[in-house]
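One-letter residues, chain by chain:
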Amino acid sequence: MPWGQPWRLPPKRPYGASALKVAAACLKGFYLHVCAVSGVNAELRSALAVERLPTKADRGRSFLGHVVQSMPANPLAPTGRPTRRHPKMLPDGSRPSLLESVNTARDAMVVQWLSDTAIRIGGLTGLHLVDLHLRRNAACGECADPHVHVCHRWGNQNGAAAKIKPDWQLVDGVITGGEIYRASPAMIHRYFTYMTTEYSRFAASHGMLLIQLSGPRRGEPWSADAARGVLRRAGRRAGLPGRIKPQAFRHQLTNDVLDVSNDPMVAKLVGNWSSARMVDEVYGHPDLHSPQFTAALETVWGEEQ
């Protein structure tokens, strides 16, 4: 019950953190009311009448919050803060619209790679050519399929760095370790188009994948801010609503993989997320346009006939 696992019998899914907090508030109010009206169980009343120190958010929500010394607490509530359940997704039809709106093979490769993997923009702009194992049975021996190693480096010329810092090493010209992301055939195709048409013209000596194609610093490493600007302008030219941000691609891919597999562990591995539980809490919500959702509503409304 409240002190153990979230209670719901299969095949129903367990309650999420937000629902558990609401249920715990109802239980606390019910117990306190019964104890006060009946005049019994003073030990339970004292156990539930606990307080905690106010947080910055509590002070901001309270009138004269700067003088607040304590806040009521609920020992029945689950620990931890509920995770936001609706991350920012891409507008419908974003990938084909962006691919038609970009101006260079490099920009098309960035859109394709962000769409087909969960690489963050700092990791993508920080890639070196040695990090790419775009053929089967690469020498690293860590993934039989084509893949990419995202390695955190402090000394990149463009200041780009991967957010996650797993161990990696370069031995005899072969990268091992880091974050590993599978590469799709479309990613490989975009890579070779970029390398043979634009990258080869400048013969960059720094060894980084993405380079500037114009201006006085052409041939130098391309920064993450420049990549964000390209996505923002391409989204504006394509007429997409809102501002296209790199992290939206990561959220969209995780959501799509979870919809197809219905397995948080698969989505966790695809996106290199920290835990499957976090993936389930954030992305495990129903699609309002799915046939299953529509069928459930029509059944409840009595319109199945």
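The rules behind each value
Residues numbered from 1 in each chain as written. Predicted model: local features only at pLDDT ≥ 70, side-chain atom pairs only at ≥ 80, totals over all residues. Heavy atoms only, no water. Helix = DSSP H or I, 4+ residues; strand = E, 2+ residues; numbered from the N terminus. Buried < 20%, exposed > 50% of the residue type's maximum accessible area, 1.4 Å probe, protein only. Pairing = 2+ DSSP bridges. Polar contact = N/O pair within 3.5 Å; in protein donor to acceptor, adjacent residues only side chain to side chain. Contact = heavy atoms within 4.5 Å. Axes fitted to C-alpha atoms, helices over the stretch in contact; angles between N-to-C directions. Parallel < 35°, antiparallel > 145°, perpendicular 65-115°, else oblique. Patch = residues over 30% accessible without salt bridge, like charges linked within 9 Å, V, L, I, M, F, W, Y side chains within 5 Å. Areas by Shrake-Rupley, 256 points an atom, 1.4 Å probe, with all protein chains shown as cover. Salt bridge = Lys/Arg side-chain N within 4 Å of Asp/Glu carboxyl O. Lys, Arg positive; Asp, Glu negative; His and termini not counted. Charge placed at Lys NZ, Arg CZ, Asp CG, Glu CD. Phe/Tyr/Trp six-rings, centres within 6.5 Å; stacked < 30°, edge-to-face > 60°. Lys NZ or Arg CZ within 6 Å of the ring centre and 35° of its normal.

Novice: What should I look at first to understand unusual backbone geometry in this one?
Specialist: The phi torsion of most residues other than glycine is negative, and most of the peptide bonds are trans. Unlike most non-glycine residues, Asp172 shows phi in positive territory, near 55°. Residue placement: Asp172 occurs in the loop between β5 (168–171) and β6 (174–177). A positive phi angle, near 55°, is found at Asn262, a position not held by glycine. Examined against the element boundaries, Asn262 turns out to sit in the loop between α9 (246–261) and α10 (264–271). Residue Asn262 is classed as exposed on the basis of its relative accessible area, which comes to 66%.

Novice: Looking at this structure, how should I read the sheet that holds strand β4 (residues 147–150)?
Specialist: Backbone hydrogen bonds hold the strands of a sheet together, and the pairing may be parallel or antiparallel. A sheet is described by the order of its strands in space; here three strands give the open sequence β3-β4-β7, paired in antiparallel fashion. Looking along the sheet, the strands with just one partner apiece sit at the ends: β3 (132–133) and β7 (179–182). As defined by bridge partners, β4 adjoins β7 across four bridges and the pair is classed as antiparallel. Opposite Val150, over in β7, you have Glu179 as the bridge partner.

Novice: What am I meant to see in the side chain of His206 here?
Specialist: Within the secondary structure, His206 sits in the loop between α7 (185–197) and α8 (224–237). Within the structure, the side chain of His206 is placed 3.0 Å from the backbone nitrogen of Met208, a separation counted as a polar contact. There is a polar contact of 2.8 Å between the side chain of His206 and the backbone oxygen of Gly219. Excluding its chain neighbours within four sequence positions, the residues that come into contact with His206 are His128, Gln157, Ile211, Gly219, Glu220 and Pro221.

Novice: Can you help me understand the packing of α10 against helix α11 (residues 276–283) in this one?
Specialist: Between two packed helices, both the angle of their axes relative to each other and the distance between the axes serve to describe the pair. Packing of α10 against α11 leaves a shortest axis separation of 8 Å and a crossing angle of 105°. In terms of orientation, α10 lies roughly perpendicular with respect to α11. Only Ala276, Val279 and Asp280 of α11 make contact with α10, whose side of the interface consists of Pro264, Met265, Ala267 and Lys268.

Novice: Got a minute to help me understand a positive patch on the surface in this structure?
Specialist: Side chains of Lys88, Arg233, Arg236, Arg237, Arg243 and Lys245 sit close together on the surface and give a patch of like positive charge. If you trace the backbone, Arg233 turns up in helix α8.

Novice: Got a minute to help me understand the packing of aromatic side chains in this structure?
Specialist: Each aromatic ring pair is characterised by the separation of its centres together with the angle its planes make. Taken as a whole and assessed by the stated rule, the structure comprises three aromatic pairs. Each ring, one from Phe30 and one from Tyr31, has its centre 5.9 Å from the other, and the planes form 55°; the classification is tilted. With 5.1 Å between their ring centres and 70° between their planes, Tyr191 and Phe192 make a pair best called edge-to-face. For Phe192, a relative accessible area of 46% corresponds to the partly exposed category. Here the guanidinium or amino end of Arg153 rests over the ring plane of Trp168, the centre of that ring lying 4.7 Å away. A cation over an aromatic ring shows up here: Arg250 above the ring of Trp273, its NZ or CZ 4.0 Å from the ring centre.

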